[in-house]
Amino acid sequence: DAVLIAPSHLQIQEMVDELERTLADVGLKVNGSKTLAMSTSAGDVTVGGISVKVVPKVIYLGAQLCIDGDQSGELQRRIRAGVFAFYKYRSFFCNRVVPMSLKRKLYHSAVQPAFTYASETWGVRKNTLSSIAVAQRRLERAMLGITRWL
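I will try to describe carefully the structure that is included in this document. Within every chain, residues take consecutive numbers counted from 1 along the sequence as written. Local features are withheld for residues below a pLDDT of 70 in this predicted model, meaning they are given only at 70 or higher, and side-chain atom pairs are given and counted only at 80 or more; totals for whole chains, interfaces and linings count all residues. Hydrogen atoms and water are omitted, and side-chain values are computed over all heavy atoms in the structure.

### Let's talk about the packing of helix α2 (residues 72-88) against helix α4 (residues 100-116)
At step 1: Contact geometry of α2 with α4 gives a least axis separation of 6 Å together with a crossing angle of 160 degrees. Our classification of the angle between α2 and α4 gives roughly antiparallel. Facing α2, whose interface residues are R78, I79, A81, G82, V83, A85 and F86, α4 presents Y107, A110, V111, A114 and F115.
At step 2: Tallied by class, residues from the contact of α2 with α4 come to 10 nonpolar, 1 polar and 1 charged. For helices, the fitted line uses only the C-alpha atoms of the stretch in contact; every axis is such a line through C-alpha atoms, and the angle between N-to-C directions lies from 0 to 180 degrees. Comment: elements are numbered from the N terminus, with helices defined as DSSP H or I runs of at least four residues and strands as E runs of at least two. Throughout, the term roughly parallel applies to angles under 35 degrees, roughly antiparallel to angles over 145, roughly perpendicular to angles from 65 to 115, and oblique to all others. Between two residues, a contact is recorded if the distance between any of their heavy atoms is within 4.5 Å. For this classification, the nonpolar set comprises Ala, Val, Leu, Ile, Met, Phe, Trp, Tyr, Cys and Pro, the charged set comprises Asp, Glu, Lys and Arg, and every other residue, Gly included, is treated as polar.

Structural data, given as structure tokens:
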């Protein structure tokens, strides 16, 4: 994977052309059909004669990047990833015979990182922290065997 950043489409096109030439020297080529572009201005970039698809958001290195800076999509992805990690080990977490110390260790090594991956790049807001805390408490209640309606 590679990211090219420049202030204009012309400069990006020059960088793409240079990348293609350099890769061709070692027998490689850029796959234009898999290449994506994000831009704040209009313009066209081509790779190997194929026009690159311009998208408003892309997942790069496991994190969702959005051209308008909206992080709500990434937050929802992280919550889903944490819930998925929890349900992957649900039989372990919900087993009343397993000591809580072991559940806690697995939670902190498998579930917590799924929630917080790339969180250092998020703009922290109260609703962001609240959303993650609500999801984590829901999973912790499931671990303890506590239901909402008694």
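Once you've had a look at it, read on.
### Here we look at the pairing of strand β5 (residues 57-60)
At step 1: Strands qualify as paired when DSSP identifies two bridges or more between them. Bridge count for β5 against strand β6 (residues 63-66) is 4 bridges, and the pairing is antiparallel. Opposite Y60, over in β6, you have A63 as the bridge partner.
At step 2: In this antiparallel pair of consecutive strands, β5 and β6, the connection spans 2 residues, and L61 shows a positive phi of 55 degrees.

### Topic: the packing of aromatic side chains
At step 1: Stacked, edge-to-face and tilted are the three classes for Phe, Tyr and Trp ring pairs, Trp counted by its six-membered ring, which pair at centre distances within 6.5 Å; planes under 30 degrees apart are stacked, over 60 edge-to-face, the rest tilted. As enumerated under the stated definition, the model contains 4 aromatic pairs in all.
At step 2: Where F92 meets F93, the ring centres are 6.2 Å apart and the plane angle is 70 degrees; that geometry is what we call edge-to-face.
At step 3: The class of F92 is partly exposed, set by a relative accessible area of 29%.
At step 4: Note on F93: relative accessible area 0%, which makes it buried.
At step 5: When the centroid spacing of 6.3 Å and the interplanar angle of 75 degrees are considered together, the rings of F93 and Y107 count as edge-to-face. Within this pair, whereas F93 is found in helix α3 (residues 90-93), its partner Y107 is found in helix α4, the two being separated by 14 residues in sequence.
At step 6: Buried, partly exposed and exposed residues are distinguished by accessible area as a fraction of the type maximum, computed with a 1.4 Å probe on protein chains only: under 20%, between the cut-offs, and over 50%, respectively. Judged by its relative accessible area of 2%, Y107 is buried.
At step 7: Members of the aromatic cluster, connected to one another through ring pairs, are F86, Y87, F92, F93 and Y107.

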